[in-house]
Amino acid sequence: MADIALDVHISPERLLDDLRSDVRLGMTATPKWISPKWFYDARGSELFEQITELPEYYPTRTERGLIETHAYDVAERTNAAILVELGSGSSEKTRLLLNAGIKHGSLRKYVPQDVSPTALEGAIEVIAREHPGLEIQGIVSDFTDTLQNLPADGSRTIAFLGGTLGNLIPEERALFLADIAQALIAGEFLLLGVGLVVEESVVVPAYDDAAGVTAQFNANVLSVLNERLNANFDPQQFEHVALWNSEAEWIEMRLRARTAQDIRIEDLDLDVHFDEGEELRTEISAKFREKGIEAELVDAGFRVDEFWTDPESRFALILASRTSLGQRDDR
């Protein structure tokens, strides 16, 4: 069997404290919001897996196609001994990168990070069976607060896939990319998957499918709040909304109150009122233009080495190397 370690850097108690803090902040804001990271209880994760198989939802299959095409290019270019994956989930697409790195002969260690120990353990178990000679070090943490915990005992590539960068607002993205750059040294790499700006008629159905799976996924976050914070939301009293913000160039998912209602969140000792038609923002998913994301990466401390996209220019796989300016010297 593979050499496996699991490092836990965030406890269930800390996660619950973070949820309480986020919900109090978001539910007392104008307009109201909640972070998309709270979508992913067991039911939310199951629904998202269903979303990735829907005909309207092009990002997952498009990114997978790009990784299939360029995985060995990544291995050759990076010569990485360690592949770190932030927000690994099931690690399904990452297996293509692992296969390529092992075939190339450079890869010896895989470091998946996820906030869910259960998801991480399941993914590690599968990969350990497939690659018994691969060292695996799982990290249980929040991906926005984990970079100081990454191993530094070999040349590294950090993979951040799935378009998840788009869930961060521009200020958060700038800080996060800069933190990744500071965690690396010159010549190490970031492999980034991002959605590109496409026609509204293409992108909106990806977040508002005909079968209503995304609507179930969106409303499920209210069930998470009911279960974890002893709230009394009725998910049936909220309507799923997905719209394209052309100025910000991102999709916004919202839950719109069908009626005026008062919600009690017992664990926060908080009463929340919704007017009829009032919306709770649950997610943004920014889409990028090539020059824009390249500029963000350069500002953070990277050089863009490869920018691969599909024939319809719907998604990009970007390989960026850490530049020498401002690099860490404490390793």
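Think of each chain on its own: its residues are numbered from 1, step by step along the sequence as written. The predicted origin of the model limits local features to residues at a pLDDT of at least 70 and limits the giving and counting of side-chain atom pairs to 80 or more, whereas totals for whole chains, interfaces and linings rest on all residues. Computation of side-chain values: all heavy atoms of the structure, hydrogens and water removed.

### Focus: the overall build of the protein chain
Operational definition: We count a stretch as a helix when DSSP gives it H or I for four or more residues in a row; a strand needs E for two or more, and each element gets its number in order from the N terminus. Here the globule rule is a power law, 2.2 Å times the number of residues to the power 0.38, and the radius of gyration is based on C-alpha atoms. Three labels apply to residues, based on accessible area from a 1.4 Å probe with only protein chains included: buried if under 20% of the type maximum, exposed if over 50%, partly exposed otherwise in between. Under the convention used here, a 1.4 Å probe and the Shrake-Rupley method define accessible areas, while residue burial counts only the protein chains that appear. Charged residues are defined narrowly, with Lys and Arg counted positive, Asp and Glu counted negative, and His plus the chain ends left uncounted. The atoms used to mark charge sites are NZ of Lys, CZ of Arg, CG of Asp and CD of Glu.
Within the protein chain one finds 9 helices and 14 strands. By the compact-globule yardstick of 20 Å for 331 residues, the protein chain fits well, its C-alpha radius of gyration being 20 Å. In terms of its C-alpha atoms, the protein chain occupies a principal-axis envelope of roughly 60 × 40 × 40 Å. Relative to its 331 residues, the protein chain shows a buried fraction of 51%. Of the roughly 14,700 Å² that the protein chain leaves accessible, carbon and sulfur atoms contribute 48%. Across the protein chain, the mean location of the 31 positive side-chain charges is 3 Å away from that of the 59 negative side-chain charges.

### Considering the packing of aromatic side chains
To be explicit about the condition: Here is the rule: rings of Phe, Tyr and Trp (six-membered ring for Trp) pair when centre to centre is within 6.5 Å. Planes less than 30 degrees apart are stacked, more than 60 are edge-to-face, and the remainder are tilted.
Tallied over the entire structure, the rule returns 11 aromatic pairs. Aromatic pair Phe 39 and Tyr 40: ring centres 6.2 Å apart, planes at 85°, arrangement edge-to-face. For the pair Phe 48 and Phe 217, a centre-to-centre distance of 5.9 Å together with 45° between the ring planes defines the contact as tilted. Pair noted here: Phe 48 is in helix H2 (residues 42-51) and Phe 217 is in helix H8 (residues 213-229), with a separation of 169 residues, a long-range link. Residue classification places Phe 48 among the partly exposed residues on the basis of a relative accessible area of 23%.

### Examining the sheet that holds strand S2 (residues 32-33)
To keep it simple, the criterion reads: Any two strands with at least two DSSP-identified bridges between them are counted as paired. Here a residue-residue contact requires only that any non-hydrogen atoms of the pair lie within 4.5 Å. Axes here mean lines fitted to C-alpha atoms, for a helix over just the part in contact, with angles spanning 0 to 180 degrees between N-to-C directions.
What the 4 strands build is an open sheet, ordered S2-S12-S9-S8; its pairing is mixed. Among the strands making up the open sheet, the edge pair consists of S2 and strand S8 (238-245). Bridge analysis of S2 against strand S12 (residues 279-286) gives 2 bridges, and the strand direction is parallel. Following the sheet pairing, Lys 32 is matched in S12 by Leu 280. Packing of H8 onto the sheet brings it into contact with S8, strand S9 (250-257) and S12, and relative to S9 it is tilted by some 60°.

### Comments concerning the environment of Thr 28
Going by this rule: Nitrogen and oxygen atoms within 3.5 Å of one another constitute a polar contact, given that in protein one can donate a hydrogen and the other can accept it, and given that sequence-neighbouring residues count only through two side-chain atoms.
By the element assignment, Thr 28 lies in the loop between helix H1 (12-27) and S2. Once the C-alpha coordinates of Thr 28 and Gly 133 are considered, the two residues, 105 residues apart in sequence, prove to be 51 Å apart. Reaching out from Thr 28, the side chain makes a polar contact with the backbone oxygen of Leu 25 at a distance of 3.3 Å.

### A closer look at the nonpolar core
What counts is decided by this rule: We define a nonpolar core as any set of buried Ala, Val, Leu, Ile, Met, Phe, Trp, Tyr and Cys residues linked to one another through side-chain atoms lying within 4.5 Å.
Core analysis: the largest hydrophobic core is formed by 69 residues, its most contacted members being Val 23, Met 27, Leu 225, Phe 233, Ile 265 and Phe 274. With 7 residues, H8 is the single largest residue contributor to this core. The residues touching Ile 265, leaving out its near neighbours within four places in the chain, are Val 23, Met 27, Leu 229, Asn 230, Ala 231, Phe 233, Leu 270 and Val 272. If you look at the next biggest cluster of nonpolar residues, it comprises 35 residues, including Ile 82, Leu 177, Leu 192 and Ala 300.

### Considerations on the environment of Gly 166
As for its placement among the helices and strands, Gly 166 is situated in the loop between strand S6 (156-160) and helix H6 (170-183). For the pair formed by Gly 166 and Ser 285, sequence separation is 119 residues and the distance between their alpha carbons is 4.7 Å. With residues up to four places along the chain from it excluded, the contact list for Gly 166 reads Ile 284, Ser 285, Ala 286 and Phe 288.

### Details of the pairing of strand S14 (residues 315-322)
Along S14, 8 of the 8 residues are buried, which leaves the element largely enclosed by surrounding structure. Both strand S7 (residues 189-195) and S14 contribute to a ladder of 7 bridges, which runs antiparallel. Following the sheet pairing, Leu 192 is matched in S14 by Ile 318. Across 7 bridges, strand S13 (residues 302-309) lies against S14 in antiparallel orientation. What sits directly across from Val 304, in S14, is Ala 320. The turn linking S13 back onto S14 is made up of 5 residues, and Ser 313 within it adopts a positive phi angle of 55°.

Remember that the coordinates give geometry; whether it matters functionally is a separate question.
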